[in-house]
Amino acid sequence: MALIVQKYGGTSVADADRLKRVAHRIADTRREGNQVLVVVSAMGKTTDDLIALADQVSSNPPAREMDMLLTAGERISMALLAMAIHAEGLEAVSFTGSQAGILTSEAHGEAKIEEIRGFRVQESLDEGKVVIVAGFQGVSPRTKEVTTLGRGGSDASAVALAAAFGADVCEICTDVDGVFTADPRIVPNARKLDEISTEEMLELAAAGAGVLMARSVEFGRRFNIPIHVRSSFHDAPGTWVKEKTMEEAIISGIAHDTSEAKITVHGVPDRPGIAATLFEQMAGHQVNVDMIVQNVSIDGSTDISFTVPRSTSATALEVTEQLASEIGAAGVDIDTDIAKVSLVGAGMKSHPGVAARVFRALSDSDINIEMISTSTIRISCVVRSDRVEDAVRSLHAAFEAELVGEEADV
Ligand code: ADP
Ligand code: ASP
Ligand code: MG
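Position labels on residues start from 1 in each chain and follow its written sequence. Chain labels run from A onward and ligand labels from 1 onward, assigned in the order the entries are written. Two thresholds apply to this predicted model, a pLDDT of at least 70 for residue-level local features and 80 or more for giving and counting side-chain atom pairs, whereas whole-chain, interface and lining totals are computed over all residues. Hydrogens and water are ignored here; the side-chain numbers use all heavy atoms of the structure.

(A) Region of interest: the sheet that holds strand β19 (residues 338-344). The criterion for strand pairing is that DSSP finds at least two bridges linking the strands in question. Secondary structure elements are defined from DSSP: runs of H or I of at least 4 residues count as helices, runs of E of at least 2 residues count as strands, and each element is numbered from the N terminus. A sheet is described by the order of its strands in space; here four strands give the open sequence β14-β19-β21-β20, paired in antiparallel fashion. Whereas interior strands pair on both sides, the edge strands pair on one side only; in this sheet they are β14 (253-257) and β20 (371-375). Put simply, the sheet's adjacent strands are angled 20 degrees from each other on average, direction ignored. Taken strand by strand, helix α6 (residues 198-206) contacts β14, β19, β20 and β21 (378-384), and its axis lies near 170 degrees from that of β19. On top of the sheet, helix α11 (residues 388-398) reaches β14, β19 and β21; it is set at about 15 degrees to β19, its chief contact. Angular values range over 0 to 180 degrees, each being the angle between N-to-C directions of two axes fitted as lines to C-alpha atoms, with helices fitted over their stretch in contact. Residues count as neighbours in contact if any of their non-hydrogen atoms are within 4.5 Å of one another.

Dropping the structure here:
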């Protein structure tokens, strides 16, 4: 008997009708003779709504209480889904992350899954039940507190559970037909990829393609779990994330990210050790720095700009201002109206001129590039946030000939 892990995202379970449709689909998979382990996200925009509520009662909510609050979202959807499966005439049982034995680090809001002790899940699967596990959550064995895994974390829950139980496949069932060459909401003629390599999917996810959480792709790679991103509304095949694909596309896709802010320190004395101190302090405060640019030095001083997730930009700004006054820098400013656009493709390693074409396409659309960073298979540019959608469309058009896949019928 095959074990299939199916993860359903928020839009797919947004209301009672959709929950019933998902329950029907799960029941069909079970009736076909498979064991089914389901991971479910909170309904619709529940997580956003809970965050907004917390903001209304506190400007700085304690991280522990935030996790207590947010884990409630998935608790609602898991119980309702179990009820809907019962109504289909099948046995189903729901478990919180903690009950499912998902053990994590203690970092509230960004916990990492360390181990899964899935006795209860295994027992229920063996009894023939459909098991539903709340996504995005676990428990820290050290603090005994409930934790969350970061936004989009149900994807990580699903792939980690698939690895722990040796599932045959991890299906990420969502509101689009698969992984596209760009966000289909922004580029209506984006194309659906039949398959994508883990390396490229990791870069796209890390560059902001929200369809899969980057950490879930890492799990998939580490434990060799086939991931199938597909629609939760119909049965057509979606996109397979594979270690090796049949063909290597020159460009696999374009991603964008509007979640970062840029901090600039002006008039930094140009001597050894300043950058080391600044970024050591960022690391010490758990701030993930993404891009860094240091200008040429003029009269012994320079400017350093870097980007950080907007969620940690207040901490980053405070730390930078403190350091700037200690070292006698001229000043610090923060810019929250930035966004990043990235072109990803394994073939760019062996095709010269891709960067030049990116810059030309943006320039032809009159979009100014403020920062640039590259990896062997990615080129990212920071632009004004109100131009990022144009930037995605202009790169998609410029690389049309190199992009593979089928056009979306949206
Ligand atoms: P879920 O609630 O199912 O987890 P998400 O909203 O997290 O769904 O992810 C699906 C969304 O990701 C899509 O609706 C789409 O707008 C967005 N997206 C961004 N980039 C891509 C891409 N390259 N391919 C497909 N979808 C993408
Ligand atoms: N509900 C969580 C979120 O909105 C987790 C998820 O959907 O994957 O981020
Ligand atoms: Mg998601």
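Right, picking up where we left off after that structure.
(B) Structural context of unusual backbone geometry. The residue K144 is not glycine, and still its phi comes out positive at about 65 degrees. Tracing the backbone through its elements, the reader meets K144 in the loop between β7 (137-139) and β8 (146-148). The backbone of D299 sits at a positive phi, close to 50 degrees, despite the residue not being glycine. Examined against the element boundaries, D299 turns out to sit in the loop between β16 (292-294) and β17 (301-309).

(C) Region of interest: empty space enclosed by the protein. Computed over the protein atoms alone on a 1 Å grid, cavities are sets of points where a 1.4 Å probe fits but cannot get out and pockets are open sets with protein on both sides within 12 Å along at least five of seven lines; a residue lines them when it has an atom within 4 Å of a point. Grid points are joined across faces, edges and corners, and a volume is the space filled by probe spheres set on the points. Considering all chains together, one arrives at one cavity of 30 Å³ or more under this definition. Each pocket or cavity is described by its volume, and for the largest cavity that value is around 40 Å³. Forming the boundary of the largest cavity are V265, V268, I274, L278, I304, T320, L323, A324 and I327. For the lining of the largest cavity, the elements supplying multiple residues, two or more each, are β15 (260-269), α8 (274-284) and α9 (313-327). Ranked by residue count, the leading element in the lining of the largest cavity is α9, at four residues.

All we've got here are geometric facts, nothing functional implied.
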